[in-house]
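Examination of the molecular architecture
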Amino acid sequence: MHFTNFVALLAAPAIVAATLAPASSNTEGYKPSSLNCSAAKVSKAIQAAECSHNTRTSKTQTFAVFETDHQYDSVKGAPYGTCSAYTCTAPTSGELEKNSDYWIFYWGSGGKSTGYGTTCIKSPDTGECGCENSDGTFIAGSDSCT
């Protein structure tokens, strides 16, 4: 391999990895008032459903905080926003403050509601339900992505 080809490979953008593993509880309309760690992974301009259905870290993900970005409110699959994934201890209900632009997804029983809370992951083009493989490929009509 020529040196210039090697440098080009190093400069290529990374694929955003995610693994289908839906949250087991959630709290809508709240955000953490403080956190005991930094996010392990931050993904911007994704659906709340993607944040709730997929883990985004190589270590065990404990919770994710979704913040709505209202510039995408008219796009199919909304709400869209920023998903920050964490591997530390999730905040308790006493460590939350009301904010309608936030949604917390827990991979555990820390949320006020059971389940992942959102609708399905949707195609931004057609609005059809589906899922997303770990390489970022959307599979319309499927719920068995890996």
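As a starting point, this report considers the structure included with it. Note that the coordinates shown come from a computational prediction; the quantities given were computed from them, not determined experimentally.

Let's talk about unusual backbone geometry
Going from Ala78 to Pro79, the amide bond is cis rather than trans, its omega being 15°. Note on placement: Pro79 falls in the loop between β5 (63-68) and β6 (80-86). For Ala45, which is not a glycine, the phi torsion comes out positive at approximately 55°. For Ala45, the position within the fold is in strand β3 (residues 41-47).

Some points on the packing of aromatic side chains
One pass over the full model with this rule turns up 3 aromatic pairs. Aromatic pair Tyr72 and Tyr80: ring centres 5.9 Å apart, planes at 50°, arrangement tilted. Assessed through its relative accessible area of 25%, Tyr72 is described here as partly exposed. Residue Tyr80 is classed as buried on the basis of its relative accessible area, which comes to 7%. Plain terms: the ring middles of Trp103 and Phe105 are 5.2 Å apart, the flat faces sit at 35° to each other, and that makes the pair tilted. Both residues of the pair, Trp103 and Phe105, count as buried.

A look at the state of the cysteines
Applying the stated criterion across every chain, the model contains 3 disulfides. A sulfur-sulfur separation of 2.1 Å characterises the disulfide bridge that pairs Cys51 with Cys83. As the torsion about the S-S bond is roughly 70°, the Cys51-Cys83 disulfide counts as right-handed. A residue pair is termed long-range when its members are at least 10 positions apart, and Cys51 in helix α2 (residues 48-53) and Cys83 in strand β6 qualify at 32 residues. Both residues of the pair, Cys51 and Cys83, belong to the buried class.

A short note on the side chain of His53
Tracing the backbone through its elements, the reader meets His53 in helix α2. Filtering out sequence-adjacent residues up to four positions away, His53 remains in contact with Thr19, Leu20, Ala21, Pro22, Tyr116, Thr118, Thr119, Cys120 and Ile121.

Here's the deal with the sheet that holds strand β10 (residues 129-132)
With antiparallel pairing, 3 strands are arranged side by side in an open sheet as β9-β10-β11. Each edge of the open sheet is held by one strand with a lone partner, namely β9 (121-122) and β11 (138-140). Here β9 runs beside β10; their pairing, made up of 2 bridges, is antiparallel. Its bridge partner lying in β10, Ile121 is registered against Gly130.

Examining the sheet that holds strand β7 (residues 96-106)
Pairing is antiparallel in the open sheet, where 6 strands are placed in the order β3-β6-β5-β7-β2-β8. What marks the edges here is a single partner per strand, and that holds for β3 and β8 (113-114).

Focus: the pairing of strand β2 (residues 25-32)
Most of β2 is tucked away, with 6 of its 8 residues classed as buried. Bridge count for β2 against β8 is 2 bridges, and the pairing is antiparallel. Note on β8: the bridge partner recorded for Ser25 is Thr114.

What counts and how
- Residues numbered from 1 in each chain as written.
- Predicted model: local features only at pLDDT ≥ 70, side-chain atom pairs only at ≥ 80, totals over all residues.
- Heavy atoms only, no water.
- Helix = DSSP H or I, 4+ residues; strand = E, 2+ residues; numbered from the N terminus.
- Phe/Tyr/Trp six-rings, centres within 6.5 Å; stacked < 30°, edge-to-face > 60°.
- Buried < 20%, exposed > 50% of the residue type's maximum accessible area, 1.4 Å probe, protein only.
- Disulfide = S-S within 2.5 Å.
- Contact = heavy atoms within 4.5 Å.
- Pairing = 2+ DSSP bridges.

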